[in-house]
Amino acid sequence: GLKDASRSFPPGNALGVLKWRLQTTDATMVPITVNCWPSQAADGTCEVSMEYELVREVMELGNVTMTIPFPPGCAAPKVECEVGEATYSARNNALVWSIPLINKSNGSGTLEFSVPGVDSSALFPIAVDFTSTKTFCEMEVGDVINLDTQQTIRYSASTHVAIESYTIV
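Keep in mind it's a predicted model, so treat the numbers as computed, not measured. (Residues numbered from 1 in each chain as written. Predicted model: local features only at pLDDT ≥ 70, side-chain atom pairs only at ≥ 80, totals over all residues. Heavy atoms only, no water.)

Turning next to the packing of aromatic side chains. Summed over all chains, the structure comprises three aromatic pairs. When the centroid spacing of 5.6 Å and the interplanar angle of 55° are considered together, the rings of Tyr52 and Trp97 count as tilted. Here the residue Tyr52 occupies a position in strand S2 (residues 45–54), and Trp97 occupies one in strand S6 (residues 94–102), the gap between them amounting to 45 residues. An angle of 40° between the planes, with centres 5.8 Å apart, marks the rings of Phe70 and Phe113 as tilted. Taken as a pair, Phe70 in the loop between strand S3 (61–69) and strand S4 (78–81) and Phe113 in strand S7 (residues 108–116) lie far apart in primary sequence, 43 residues in all. Like Phe113, Phe70 is buried. In textbook terms, an aromatic cluster arises when at least three aromatic residues are bridged by ring pairs, as seen for Phe70, Tyr88 and Phe113. (Phe/Tyr/Trp six-rings, centres within 6.5 Å; stacked < 30°, edge-to-face > 60°. Helix = DSSP H or I, 4+ residues; strand = E, 2+ residues; numbered from the N terminus. Buried < 20%, exposed > 50% of the residue type's maximum accessible area, 1.4 Å probe, protein only.)

With that settled, the discussion passes to the pairing of S2. Relative to S2, strand S1 (residues 32–40) runs antiparallel, the two sharing nine bridges. Bridge pairing in S2 places Gln40 opposite Cys46. Hairpin remark: S1 followed by S2, antiparallel, with four residues in the connecting loop; positive phi at Gly44, about 90°. (Pairing = 2+ DSSP bridges.)

Reading across from one edge, S1-S2-S7-S4 is the order of the four strands in this open sheet, with antiparallel pairing throughout. Because the sheet does not close on itself, it has two edges, and the strands there are S1 and S4. Shown here is a sheet whose adjacent strand axes are inclined to one another by a mean of 10°, direction ignored. (Axes fitted to C-alpha atoms, helices over the stretch in contact; angles between N-to-C directions.)

Here the focus is the side chain of Ser132. In this fold, Ser132 is placed in strand S8 (residues 126–132). Only 3.0 Å separates the side chain of Ser132 from the backbone oxygen of Lys134, close enough to count as a polar contact. Beyond its immediate stretch of four places on either side in the chain, Ser132 contacts Met59, Glu60, Leu61, Thr159, His160 and Val161. (Polar contact = N/O pair within 3.5 Å; in protein donor to acceptor, adjacent residues only side chain to side chain. Contact = heavy atoms within 4.5 Å.)

This part takes up the pairing of S3. Of the pairings in the sheet, the one linking S3 to S6 comprises eight bridges and is antiparallel in character. Looking across to S6, one finds that Thr65 is bridged to Ser98. Bridge count for S3 against S8 is four bridges, and the pairing is antiparallel. Bridging from a neighbouring strand, Thr65 pairs with Asp129 of S8.

Dropping the structure here:
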C-alpha cells in the first residue's frame, strides 16, 4: 500500500494513486481560449463570431464541444463553421459546436452564425467541454519498483483530464 509498506497493492485491480485538481480563475491557465463577438444588426438579427485558440500547444483536446444556449421558439441559426461541425437543436434550445480533436495542427478555428430576433445576451453562458490524455504539468510515471527486490514491476497507467466547469459569461 501507499502508506503501509508491508501491504501491497491489490494485483489486477485498477487503483487511483494520484489525483490532481486545478481550480482557477486565471485565464492564462486554461488550455483553450474562446472569444465570442456578438453584434446586433439594424434588422434585429444577432450576428455572432466565435473563435477558439489552443493556448497550451503540448495538449491535445478531444471531444470538444461549445454549447450556445438559444431562447425557446427562436428560428434556426444560419451557420458557417470552419472547423468541426455545428448543429442546432430546437428541442434543446442550443447550438453545439463539436470538434473531435484540437491540437497544434488545428490550434484555432472560427464559427459564425446569425439568428433573427434574438438579443445577444440570451446566447450566454456558453459551456465549453473537452477531454485530454495529456496533463497540464506533463507528469508521467517513470517506473514502478518492488520495495523488497528493487526490481522494476510491469504496470499500466492512464491519464485523463476532464472539465468540471468552463463557462463563458
